[in-house]
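Examination of the molecular architecture
Okay, here's what each chain looks like letter by letter:
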Amino acid sequence: MRTQWGALLVAIETPPAPTWPPAQLSTHLAQQAADDVELLVADRVPLTLREHPAPANLSALDAAVRVERLLFDAADILAAAVQRPVERRPISHPGRPVAWAVDQADAADPRRWLYASATDPGSRQHGLHWAAMFIEGRLLDEDTEAEQRAGALTRGPALFALLPEHLAHEAIRVAGQAERLVLGALELDRRESVIEGRPCPWCSGELTLHTDPQTAPSITCSTGPACTAPAAPDRHGRRTWVGAELVELLVALDRPAAGRAA
Ligand SMILES: [Zn+2]
């Protein structure tokens, strides 16, 4: 979700009209470029869902709103279960009873999840990215006493308790639901789409885009072994472009005359 969230925010402002190249491909290729140069957003950059007075893609906005709510609610539940309350320290003045004050440094610990109130969005102001990081941290038992012991660290009391098993299951279920919403909205779920109006530059056959969240996208030509394209065939004998070859195919499709054998 963290890697696709930016793409979903862009999609909200992009009309769902047929565009070239298909959004699934441009997302994938842009992501590859981002991975290469480690351009991924910093953990707490507020890549937040803004007010959209006129969203161009309502289904993308709907998915983003639902995913945000799912993750924020999940972070609230996990924090309520395992986040240690803020420490209080005694303040003593001679001749006066001991008073207790909130430990400001502990309260301001950036690893804490802060609940929303009527006047303060709390950690929600940092957006989905931070909520996802927080949930992942709890699933990995980060900053727990067990982790401190394993690392032979002697810090103060651990900020989080171990996540109970039923909440770990719940967090994984919510993450899966959110993932399906994001992938579906970006059309990155498993599907095959015929590329309209742009036939194979080598044989004029019909091209099909295959997407699947588990594997890289690919494009196949329907003609089979008779197609003269310089691409390896898949198990059905269809010329197949995948990975870096997709870039070459997109270039050839944008300049149809250059690639044609005929
Ligand atoms: Zn072909």
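Residues numbered from 1 in each chain as written. Predicted model: local features only at pLDDT ≥ 70, side-chain atom pairs only at ≥ 80, totals over all residues. Heavy atoms only, no water.

Another aspect to go through is the coordination of the zinc ion. Every protein donor of the zinc ion is listed here as Cys-200 (SG), Cys-203 (SG), Cys-221 (SG) and Cys-227 (SG), and their distances to the metal cover 2.3 Å. Here the zinc ion is ringed by four donor atoms whose angles at the metal span 94 to 117°, and the overall shape comes out tetrahedral. For the zinc ion, all donor residues lie on one chain, and their spacing in sequence is C-x2-C-x17-C-x5-C. Here Cys-203, found in the loop between strand 3 (191-194) and strand 4 (207-212), pairs with Cys-227, found in the loop between strand 5 (215-221) and strand 6 (240-242); they are 24 residues apart in sequence, far enough to count as distant. (Donors = N, O, S within 2.8 Å, 3.2 Å for Na, K, Ca; no water. Tetrahedral: all angles 85-135°; square planar, octahedral: opposite > 155°, others 65-115°. Helix = DSSP H or I, 4+ residues; strand = E, 2+ residues; numbered from the N terminus.)

Turning our attention to the pattern of salt bridges. For the coordinates displayed, the defined rule picks out 18 salt bridges. The closest approach of N and O atoms between Arg-149 and Glu-145, which form a salt bridge, is 3.2 Å. Residue Arg-149 and its partner Glu-145 are both found in helix 6 (residues 145-150); the two are separated by four residues, about one turn of the helix. In this structure, Arg-149 and Glu-145 share a single accessibility class: exposed. The structure contains a network of salt bridges with shared partners spanning Arg-84, Glu-87, Arg-89, Asp-103, Asp-106 and Arg-112. (Salt bridge = Lys/Arg side-chain N within 4 Å of Asp/Glu carboxyl O. Buried < 20%, exposed > 50% of the residue type's maximum accessible area, 1.4 Å probe, protein only.)

Another aspect to go through is the packing of aromatic side chains. Any aromatic ring pair is given by two values, namely how distant the centres are and how the planes are angled relative to each other. Scanning all chains against the criterion turns up four aromatic pairs. Measuring from ring centre to ring centre gives 6.3 Å for Phe-72 and Trp-113, while their planes differ by 40°; the resulting arrangement is tilted. Here Phe-72, found in helix 3 (residues 58-82), pairs with Trp-113, found in the loop between helix 4 (104-107) and helix 5 (127-139); they are 41 residues apart in sequence, far enough to count as distant. You can call Phe-72 buried: its relative accessible area is 7%. Given the relative accessible area of 1%, Trp-113 is considered buried. A network of ring pairs unites the aromatic residues Phe-72, Trp-113, Phe-134 and Phe-160 as a single cluster. Looking at Arg-138, its charged tip hangs above the ring of Phe-134, at a distance of 4.8 Å from the centre. One cation-aromatic arrangement involves Arg-138 over Phe-160; the distance from NZ or CZ to the ring centre is 3.4 Å. (Phe/Tyr/Trp six-rings, centres within 6.5 Å; stacked < 30°, edge-to-face > 60°. Lys NZ or Arg CZ within 6 Å of the ring centre and 35° of its normal.)

Ranked by internal contacts, the top residues of the largest apolar core, which has 41 residues, are Leu-8, Leu-71 and Trp-113. Elements represented by at least two residues in this core include exactly helix 1 (2-12), helix 3, helix 5 and helix 7 (165-185). A total of 13 residues in this core trace back to one element, the largest contributor, which is helix 3. Ignoring any residue separated from it by four or fewer positions in sequence, one finds Leu-8 in contact with Ala-60, Ala-64, Val-182, Ala-185 and Leu-186. Counting residues in each nonpolar core, the second largest holds 18 residues, with Cys-200, Trp-202, Leu-209 and Leu-250 among its members. (Core = buried A, V, L, I, M, F, W, Y, C linked by side-chain atoms within 4.5 Å. Contact = heavy atoms within 4.5 Å.)

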